[in-house]
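# Fold and contact review
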Amino acid sequence: MYWVFGYGSLIWKPPPHAVERKEGYVKGVLRRFAQSSIDHRGVPERPGRVVTVIEAEDWHKISGDAQDHSDEDYVWGVVYRIDPKKEDEVRTYLEIREQNGYTQHEVPVYSVSPNGEENVAVPSATIWIGRLDNPAFVGHEPLEQLAKRILSCEGPSGPNRDYLYRLAESVRELYPSVKDDYLFKLEAKCKELEAAELVFPPRHAA
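Residues numbered from 1 in each chain as written. Predicted model: local features only at pLDDT ≥ 70, side-chain atom pairs only at ≥ 80, totals over all residues. Heavy atoms only, no water.

### Quick word on the state of the cysteines
Cut-off, in case you're wondering: Only a pair of cysteine sulfur atoms within 2.5 Å qualifies as a disulfide here. A 1.4 Å probe rolled over the protein chains alone gives each residue an accessible area, and that area as a share of the maximum for its type sets the label: buried under 20%, exposed over 50%, partly exposed in between.
Under the criterion given, the structure shown has 0 disulfides. There is no disulfide at Cys153, and the cysteine sulfur nearest it, in Cys190, is 11 Å away. On the basis of relative accessibility, which here comes to 1%, the residue Cys153 falls in the buried class. Residue Cys190 is classed as buried on the basis of its relative accessible area, which comes to 0%.

If you want it as structure tokens, here you go:
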């Protein structure tokens with residue numbers, strides 16, 4: 001069976017031909033706005049920022065932020081089972097969709113039962129990870145700098161800020177008890193800057 005784990009826009013926009021959906025998380029990774037986007041939420045002249053998951057150990061080494069070490073090293077998202085008759089079609093679609101710097105991996109997806117026990121929801125699911133050596137990986141950026149970048153970018157898929165706000169809203173609605181300080185702090189910083197009118201509207205400029 002072909003399962004796909006979504007941790008970004010796939011949370012609210014399922015891949016084509018999904019026939020089953022489960023909620024769950026992947027261990028040993030972190031979700032970060034550390035991927036350059038020139039084809040969805042930015043343009044080559046001014047790349048936006050979209051989320052990728054990165055190995056937690058790698059992120060702790062490059063972030064330079066001791067607070068990151070207190071985060072739980074897992075990412076909550078949604079895993080989808082694809083119609084077996086459409087697997088090849090969806091694989092091709094996702095390879096094109098994630099071609100800007102992502103690599104494909106197979107990982108188990110976990111869930112938690114009502115009594116608090118951890119279970120394997122899906123033994124093997126495809127996840128797309130931005131590696132440290134991929135050309136679109138931008139690494140760690142200070143929160144305010146990152147927020148200003150997001151607020152000033154737009155691409156073929158729309159304003160970069162809309163992507164951030166939709167992701168934060170989706171994670172909050174799906175998992176109200178899940179702590180995701182990084183995501184919610186970035187959301188809050190962007191809204192703070194917007195309210196203070198400290199960032200100009202998106203523009204296609206370097």
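### Topic: the pairing of strand β7 (residues 118–130)
Here is the rule we go by: Strands are labelled as partners when DSSP assigns at least two bridges between them. Think of it this way: any DSSP run of H or I at least four residues long counts as a helix, any run of E at least two long counts as a strand, and we number them from the N terminus.
Where strand β6 (residues 102–112) and β7 come together, 10 bridges link them in antiparallel fashion. Bridging across to β7, Ser111 finds its partner in Asn119. In textbook terms, the turn of a hairpin is the stretch between consecutive antiparallel strands, and for β6 and β7 this stretch comprises 5 residues, one of which, Gly116, has a positive phi near 90°.

### Description of the pattern of salt bridges
How we decide: A pair is scored as a salt bridge if a Lys or Arg side-chain nitrogen falls within 4 Å of a carboxyl oxygen belonging to Asp or Glu.
Applying the stated criterion across every chain yields a total of 15 salt bridges. For Arg81, the salt bridge is made with Glu20, and the minimal N-O distance between the two is 2.8 Å. Highlighted residues: Arg81 in strand β5 (residues 74–82) and Glu20 in strand β2 (residues 18–27), separated in sequence by 61 residues. Note on Glu20: relative accessible area 29%, which makes it partly exposed. Each of the salt bridges in this network shares a partner with another, and the network as a whole consists of Glu144, Lys148, Lys189 and Glu192.

### A few points about helix α2 (residues 87–97)
The α-helix winds at 3.6 residues per turn, so residues separated by three or four positions along the chain end up facing the same way. In plain terms, the rule: The directions considered for the arc are those from the helix axis to the C-beta atoms.
Within α2, the full set of buried residues consists of Glu87, Val90, Leu94 and Arg97. Down the axis of α2, the buried side of the element spans an arc of 95°, and every buried residue falls inside it. Exposed residues lying more than 90 degrees from the buried face of α2 are Asp88 and Ile96.

### Let's talk about the layout of surface pockets
The line we're drawing: Residues are called lining when one of their atoms sits within 4 Å of a cavity or pocket point, these points coming from a 1 Å grid over the protein atoms alone, where a cavity is a set in which a 1.4 Å probe fits but cannot get out and a pocket is an open set with protein on both sides within 12 Å along at least five of seven lines. Grid points are joined across faces, edges and corners, and a volume is the space filled by probe spheres set on the points. All residues other than Ala, Val, Leu, Ile, Met, Phe, Trp, Tyr, Cys, Pro, Asp, Glu, Lys and Arg, Gly among them, are scored as polar; the first ten of these are nonpolar and the last four charged.
By volume, the largest pocket amounts to about 460 Å³. Within the residue set of the lining of the largest pocket, elements represented by two or more residues are β1 (3–6), β3 (29–37), β4 (48–55) and α2. Among the elements that take part in the lining of the largest pocket, β3 stands out by supplying 3 residues, more than any other. Residue classes in the lining of the largest pocket are distributed as 10 nonpolar, 9 polar and 5 charged.

### Digging into the packing of helix α4 (residues 160–174) against helix α5 (residues 181–195)
What counts, and what does not: The axes are straight lines fitted to the C-alpha atoms, using for helices just the contacting stretch, and the angles between their N-to-C directions are given from 0 to 180°. Here the angle decides the label: under 35 degrees means roughly parallel, over 145 means roughly antiparallel, 65 to 115 means roughly perpendicular, and every other value means oblique. For any helix crossing, the convention is left-handed if the near helix is rotated counterclockwise from the far helix by under a right angle, and right-handed if that rotation is clockwise. Pairs of residues are marked as contacts when any of their non-hydrogen atoms sit within 4.5 Å.
Direction vectors running N to C along α4 and α5 enclose 135°, while the axes themselves pass 10 Å from each other. With respect to α5, the axis of α4 lies oblique. The handedness of the crossing between α4 and α5 is left-handed. Listed contacts from α5 to Arg161, Leu164, Tyr165, Leu167, Ala168, Val171 and Arg172 of α4 are Leu183, Phe184, Leu186, Glu187, Cys190, Lys191 and Glu194.

### Considering the nonpolar core
Generally speaking, a soluble globular protein has its nonpolar side chains buried in company with each other. Filter applied, for reference: For this analysis, a nonpolar core means a set of buried residues of the types Ala, Val, Leu, Ile, Met, Phe, Trp, Tyr and Cys, connected via side-chain atoms within 4.5 Å.
Within the largest apolar cluster, 49 residues are counted, with the highest numbers of intra-cluster contacts made by Phe5, Tyr7, Phe33, Ile127, Leu164, Leu186 and Cys190. Leave out the neighbours within four places in its chain, and Tyr7 touches Arg31, Val51, Thr52, Val53, Val75, Tyr102, Ile127, Trp128, Ile129 and Leu167.

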